[in-house]
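# Structural overview for review
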Amino acid sequence: MRLFKPSFYRMFIIVLLILIQIGLIAIFALNFNHLYLVNLVVSVLCVLWVLSSRSNPAFKIAWVIPILLFPLLGAAAYFIFGGQRINRGLKNKMNRIEQKIVASFQRLSKGKQPLEPPTAIAANQSRYIANQAHFPIYTNTSSEYLPLGEVKFERMVEELKKAKHYIFLEYFIIQEGKMWNTILEVLLEKVAEGVEVRLIYDGVGCLRTLPGDYNKKLEALGIQCEIFIPFNPALSTRMNNRDHRKICVIDGVTGFTGGINLADEYINAYVKHGHWKDSAIMLKGDAVWNLTVMFLSMWEAVREVEEDYLSYRPQDAIVVESDGFVQPFSDNPLINETVGETVYLNLVNKAQDYVYITTPYLIIASEMITALTTAGKSGVDVRIIMPHIPDKRYVHAVSRSHYQILIESGVKIYEYTPGFIHAKSFVVDDDYGVVGTINMDFRSLYLHFECATWLYKTKSIYDIKADFLKTLAVCHEVTLEECHHVKWHVRFARTILSVFAPLM
């Protein structure tokens, strides 16, 4: 006859281990003049603080380890570097502006039936973006996929020269050279014609590419210019949240977004990491209004002015060839919703035939790994193109650490052998596409201000697919055998880096 249930023995062992641990703590505290006890209390309190946050679990794990190993140093580092928080003043302003954005779209749609794609799956995905990012979907919009920086540069200059009323530019990186100098020349011509020109660039993104007072130089030339959180050595440790968006709006009629910044490596005028493969999308029509509002809301926050959004809405009806459904959207760290990641997850989870992805980084959380591996195991043709020549070796090492589990699940991984691929695009089942600024890494998905365009049944989707398949011709497919032959010390280093990937 059994006197005790197995659960009793488990509980007995747990209690015994707790008592032993308490005894050891007491011994250490008495022998080390309470320093150990102080360290222990600090680490426990800090770990509880981290675990109670609304961060992604991977962020929590990445911080818990150094805190437990080095309590005082780890705790100090977390409170200095670890916050996913943004400047409180800017956060308050952006929250008020968010409400203003919602109200402005509600006024425009008042009395109208919400536009939705005809299928339930597409309508659900679009509705999620509209409800969480607050940017609606449109028809009466044409979309043109631009497969290289050189193509985007050419089309952008052409469209800038047509500007009659205003030009809005918002970029993470700007650097003097062929690309920016050519664009700047056009902007100055437009200023002379009376066109309103505004520019926002990121303070950290342009830290090494532009002089510290470059905004003042542009203001003197007639271009209104603002820096998103200018670099300040005294505050730089709390500057995790960056403006990673790339937006160009011309008269509210034409808009561009995608991965391409305004620097020469993006158009291969300067070779930095081999051939630079990037992409963008050009929109014409009603959907450009979303990009216009994105820019104006950011301008209102950094310039500290009150903007009348509707005054920049085109007065004349825009008539273009209808091209499916187009929904530009933004994502930012101020809302407790990972819009960009969820859009990507929806595409993978709902795919029936194929998912083709281009991304420079593959630093992903368990949710994305599960979605990709499940799709692969289910027979969906999942293919991902990554760089062969990295821009950051340690980040590329973390990306490669995920190769084996994905390939074992049927996902095909390719590396772009001519150089570095910076494009961020999805194309799914000939029905869906996304082109934007959102990398598959923790910073883009959780920390940065980002934007992208969600596409359904547009002609440009076929161009995204065709470009993907064309790019495969110059890619190397990574095999499972290659993953198995990775040297032990490389595998160990990747494992260590993977733990701290969310902090990169």
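Structure shown above.
Starting from 1, residues in each chain are numbered consecutively following that chain's sequence as written. Restriction of local features to residues with pLDDT of at least 70 applies here, the model being predicted, together with a cutoff of 80 or more for giving and counting side-chain atom pairs; totals for whole chains, interfaces and linings are based on all residues. Side-chain numbers here rest on the full set of heavy atoms in the structure, without hydrogens or water.

### What about the environment of S322?
We count it as follows: Each helix is a run of DSSP H or I of at least 4 residues and each strand a run of E of at least 2, with the numbering of both proceeding from the N terminus. Two residues form a contact once any of their heavy atoms are found within 4.5 Å.
Looking at where S322 falls in the secondary structure, it is placed in the loop between α10 (288-303) and β9 (325-331). Sequence separation of S322 and Y138 is 184 residues, and the distance between their C-alpha atoms is 9.6 Å. Excluding its chain neighbours within four sequence positions, the residues that come into contact with S322 are T139, N140 and T141.

### Focus on the environment of L472
Mapped onto the fold, L472 is located in helix α16 (residues 459-472). Here the alpha-carbon distance between L472 and I384, two residues 88 residues apart in the chain, equals 9.7 Å. Once residues within four sequence positions are removed from consideration, L472 is found in contact with R383, I385 and Y414.

### Remarks on the sheet that holds strand β5 (residues 247-250)
Counted only if it meets this: By the convention used here, strands pair only if DSSP detects at least 2 bridges between them. Interaxial angles span 0 to 180 degrees and are taken between N-to-C directions of axes, which are lines fitted to C-alpha atoms, for helices over the stretch in contact.
Ordered by their spatial adjacency, seven strands build an open sheet running β1-β8-β6-β5-β2-β3-β4, and the pairing between neighbours is mixed. Lying at the two open borders of the sheet, with one neighbouring strand each, are β1 (141-146) and β4 (224-228). Taken over all neighbouring pairs, the strand axes of this sheet differ in orientation by 10° on average, direction set aside. In the sheet, strand β2 (residues 166-171) pairs with strand β3 (residues 196-202) via six bridges, with the strands oriented parallel. In the strand pairing of β3, I167 is matched with V197.

### Section: the pairing of strand β14 (residues 425-428)
Basically, it comes down to this: Between buried and exposed lies partly exposed: a residue is buried under 20% and exposed over 50% of the maximum accessible area for its type, with that area taken using a 1.4 Å probe on protein chains only.
Side chains of β14 alternate between two faces, with S425 and V427 and F426 and V428 buried alike. The sheet contact formed by strand β10 (residues 354-358) and β14 spans four bridges and is antiparallel. The residue bridging I357 from the neighbouring strand is F426, located in β14. For β14 and strand β15 (residues 432-436), the ladder comprises four bridges, and the chain directions are antiparallel. Counterpart to V428 in the pairing with β15 is Y432. The turn joining β14 and β15, which pair antiparallel and follow one another in sequence, is formed by three residues; a positive phi near 55° is taken by D429.

### Observations regarding unusual backbone geometry
For I229, which is not glycine, the phi dihedral falls at a positive 45°. Mapping I229 onto the fold places it in the loop between β4 and β5. By relative accessible area, which is 21% here, I229 ends up partly exposed. With phi around 60°, D251 is a residue other than glycine that occupies positive phi space. On the secondary structure map, D251 appears in the loop between β5 and β6 (254-258).

### Some details on helix α11 (residues 339-350)
Rules: By definition here, a helix of n residues has an expected span of 1.5 Å times n minus one.
The end-to-end C-alpha distance of α11 is 16 Å, a good match for the 16 Å that 12 residues give at a rise of 1.5 Å each. Listed in full, the buried residues belonging to α11 are V339, G340, E341, T342, V343, Y344, L345, N346, L347 and V348.

### Observations concerning the nonpolar core
Heads up, the rule is: Residues enter a nonpolar core if they are buried and are Ala, Val, Leu, Ile, Met, Phe, Trp, Tyr or Cys, with the set joined through side-chain atoms within 4.5 Å.
Formed by 140 residues in total, the largest nonpolar core has its most connected members in W180, I183, F329 and W454. For I183, the residues in contact, after removing those within four places along its chain, are F153, M156, V157, L160 and L262.

### So, the sheet that holds strand β16 (residues 450-456)
The sheet built from eight strands is open, its strands ordered β9-β16-β15-β14-β10-β11-β12-β17 with mixed pairing. For this open sheet the edge positions go to β9 and β17 (475-478), each flanked by a neighbour on one side alone. Neighbour-to-neighbour, the strand axes of this sheet turn through a mean angle of 20°, independent of strand direction. Taken together, the five bridges between β15 and β16 define a ladder with antiparallel strand orientation.

### Focus: the environment of N336
Here N336 is to be found in the loop between β9 and α11. In this structure N336 comes out as exposed when scored by relative accessible area, which is 58%. Separated by 110 residues in sequence, N336 and Y446 place their C-alpha atoms 9.5 Å apart.

### Some words on the pattern of salt bridges
Definition in use: A side-chain nitrogen of Lys or Arg and a carboxyl oxygen of Asp or Glu constitute a salt bridge if their distance falls within 4 Å.
Enumeration according to the criterion identifies 23 salt bridges in this entry. With its nearest N and O atoms 3.8 Å apart, the salt bridge here joins E176 to K217. One end of the pair, E176, is in the loop between β2 and α8 (178-192); the other, K217, is in helix α9 (residues 214-220), and 41 residues separate them in sequence. Residue K217 is classed as partly exposed on the basis of its relative accessible area, which comes to 43%. Two residues, D381 and R383, come together in a salt bridge whose shortest N-O distance is 3.0 Å. Here the salt bridges share partners, and the residues they tie into one network are E144, R155, E158, E159, K162 and K284.

### Some thoughts on the packing of helix α7 (residues 149-160) against α8
Quick reminder of the rule: If an angle is under 35 degrees, it is roughly parallel; if it is over 145, roughly antiparallel; if it lies from 65 to 115, roughly perpendicular; otherwise it is oblique. Each residue gets one label: Ala, Val, Leu, Ile, Met, Phe, Trp, Tyr, Cys and Pro are nonpolar, Asp, Glu, Lys and Arg are charged, and the others, such as Gly, are polar.
Contact geometry for α7 and α8: axes closest at 10 Å, N-to-C directions at 10°. Classed by the angle they form, the pair α7 and α8 counts as roughly parallel. Residues F153, M156, V157 and L160 of α7 form the contact with α8, whose own contacting residues are K178, M179, T182, I183, V186, L187 and K190. Looking at side-chain class alone, the contact of α7 with α8 contains eight nonpolar, one polar and two charged residues.

### Considerations on the pairing of β2
We apply this condition: Crossover handedness is defined here as right-handed if the route from the first strand over the helix to the second strand goes clockwise, with the strands pointing away from the viewer.
Taken across its six residues, β2 has six buried, putting it largely inside the fold. Covered by surrounding structure in β2 are Y166, F168 and E170 together with I167, L169 and Y171, the residues of both alternating faces. For the crossover from β2 across α8 to β3, the handedness is right-handed. Taken together, the four bridges between β2 and β5 define a ladder with antiparallel strand orientation. Paired with L169 across the bridge in β5 is C248.

### Quick word on the packing of aromatic side chains
To be explicit about the condition: Pairs were defined over the aromatic rings of Phe, Tyr and Trp, the Trp ring being its six-membered one, requiring ring centres within 6.5 Å. Orientation was assigned from the angle between planes: stacked under 30 degrees, edge-to-face over 60, tilted for the rest. Any Lys NZ or Arg CZ that is within 6 Å of a ring centre and within 35 degrees of that ring's normal is treated as a charge sitting over the ring.
Scanning the entire structure with this criterion turns up 16 aromatic pairs. Here the aromatic rings of Y166 and Y312 are separated by 5.2 Å at their centres, their planes lie at 85°, and the arrangement is edge-to-face. Here Y312 lies in the loop between α10 and β9 and Y166 lies in strand β2, a separation of 146 residues in the sequence. Note on accessibility: Y166 and Y312 belong to one class, buried. When the centroid spacing of 4.2 Å and the interplanar angle of 15° are considered together, the rings of Y344 and F426 count as stacked. Residue Y344 is located in helix α11, and its partner F426 is located in strand β14; the two are separated by 82 residues in the primary sequence. Judged by its relative accessible area of 1%, F426 falls in the buried class. Here the aromatic residues Y166, F168, F295, W299 and Y312 are joined through ring pairs into a cluster of three or more. Stacked on the ring of W289, the Lys or Arg R313 has its end atom at 5.1 Å from the ring centre.

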